Amino acid sequence: MEACKQKRLMHTARLKYAAVAFIMAALAFAAGCMAARPELVPEYTIEPVVEETSEPMPSETPEATPFAAEEPTVDALGNAIDGADHYERYITFRNVQVYEDVGDTFLDCVIYNSYPRDIICAVSAVFRDKDGNAAATGSLRSGDGQYILVLKPGENRAYARMDTDTSLLGFDVELTFDASMGVRPS
């Protein structure tokens, strides 16, 4: 029974190889018999259309007017803008909490923006010892980890992680705006 099965398999395999060989030979024959060459037949060729073109005329160049980017003199609430620190008045820090967790010191806070538009700024936390010397610093981050804070109107949560081996729980903390970034509306 097993020998008969093997003979059938061998016969089937031979037929498959023969069919493949026949198909390949037919394709090779057909490819050799056909030749596709482009030719121009005058009675079917379209004559080229020659368009008359006139000389190009240059258009008038409009005169450039200098753009003067004027700084606004009043903010969205109608208050006069009196300096670079003007928008700081709309920001207050609430619920500032300092805590330690697994050997690291963290600061969490709520930043309240009372301005009707988003305010962009960067804030640093400086921990000072009793003598007023800076013991540790850190930058506040938004909930998604960004150092540049985009404060929406209302409450915004922020946090900072202090890189220090010293416990900062008894130290005074000072929150300051980054002067190079400034405090401005978006």
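Please refer to the structure higher up on the page.
Definitions and cut-offs
- Residues numbered from 1 in each chain as written.
- Predicted model: local features only at pLDDT ≥ 70, side-chain atom pairs only at ≥ 80, totals over all residues.
- Heavy atoms only, no water.
- Core = buried A, V, L, I, M, F, W, Y, C linked by side-chain atoms within 4.5 Å.
- Buried < 20%, exposed > 50% of the residue type's maximum accessible area, 1.4 Å probe, protein only.
- Helix = DSSP H or I, 4+ residues; strand = E, 2+ residues; numbered from the N terminus.
- Contact = heavy atoms within 4.5 Å.
- Pairing = 2+ DSSP bridges.
- Axes fitted to C-alpha atoms, helices over the stretch in contact; angles between N-to-C directions.
- Polar contact = N/O pair within 3.5 Å; in protein donor to acceptor, adjacent residues only side chain to side chain.
- Phe/Tyr/Trp six-rings, centres within 6.5 Å; stacked < 30°, edge-to-face > 60°.
- Lys NZ or Arg CZ within 6 Å of the ring centre and 35° of its normal.

### With respect to the nonpolar core
Core analysis: the largest hydrophobic core is formed by 23 residues, its most contacted members being Ile91, Leu107, Ile111, Cys121 and Leu140. Of all elements in the fold, only β2 (104-113), β3 (119-121), β4 (123-128), β6 (149-151), β7 (154-162) and β8 (172-177) reach the threshold of two or more residues within this core. Apart from the residues lying within four places of it in its own chain, the contact partners of Ile91 are Ile111, Tyr112, Ile119, Cys121, Leu151, Phe177 and Val183.

### Section: the sheet that holds β8
Strand order in this open sheet of three strands is β5-β4-β8, and the pairing throughout is antiparallel. The outermost strands of the open sheet, each flanked by one partner alone, are β5 (134-139) and β8. Across this sheet, the average inter-strand angle for adjacent strands is 20°, counted without regard to direction. Summarising the sheet, β4 and β8 pair through six bridges and their orientation is antiparallel. The partner of Ser124 across the bridge, within β8, is Thr176.

### Considerations on the environment of Asp178
Mapped onto the secondary structure, Asp178 falls in the loop between β8 and β9 (184-185). With relative accessibility at 29%, the residue Asp178 sits in the partly exposed group. Sequence separation between Asp178 and Ser139 is 39 residues; the distance between their C-alpha atoms is 9.4 Å.

### Observations concerning the side chain of Asn113
Looking at the element boundaries, Asn113 is found in strand β2. Its relative accessible area of 2% is what places Asn113 among the buried residues. There is a polar contact of 2.8 Å between the side chain of Asn113 and the backbone nitrogen of Tyr115. A distance of 3.5 Å separates the side chain of Asn113 from the backbone oxygen of Lys152, its partner in a polar contact.

### Section: the sheet that holds β7
Pairing within the open sheet is antiparallel, and its three strands lie in the order β1-β2-β7. Both outer strands of the open sheet, β1 (91-101) and β7, are each paired with one neighbouring strand and no more. When the angles between neighbouring strand axes are averaged without regard to direction, this sheet yields 20°. In this structure, β2 lies alongside β7, joined through nine bridges in antiparallel fashion.

### Brief notes about the environment of Ala125
Within the fold, Ala125 resides in strand β4. Along the chain, Ala125 and Ser139 lie 14 residues apart, while their C-alpha atoms are 6.0 Å from each other. Ala125 has contacts with Leu107, Ala136, Thr137, Gly138, Leu140, Met162, Val173, Glu174 and Leu175, leaving out every residue within four places of it along the chain.

### A closer look at the packing of aromatic side chains
A complete count under the given rule lists five aromatic pairs for this structure. Each ring, one from Tyr87 and one from Tyr90, has its centre 6.4 Å from the other, and the planes form 45°; the classification is tilted. Taken individually, Tyr87 and Tyr90 each receive the classification buried, so the pair is uniform in this respect. Ring geometry for Tyr90 versus Tyr115: centroids 4.9 Å apart, planes at 45°, classification tilted. Pair noted here: Tyr90 is in the loop between α1 (2-33) and β1 and Tyr115 is in the loop between β2 and β3, with a separation of 25 residues, a long-range link. For the pair Tyr90 and Tyr115, a shared accessibility class is recorded, and that class is buried. Ring pairs connect the aromatic residues Tyr87, Tyr90 and Tyr115, which therefore count as one cluster. Here Arg94 stacks its cationic end above the ring of Tyr112, 4.1 Å away from the centre of that ring.

Purely geometric numbers; function is a separate question.
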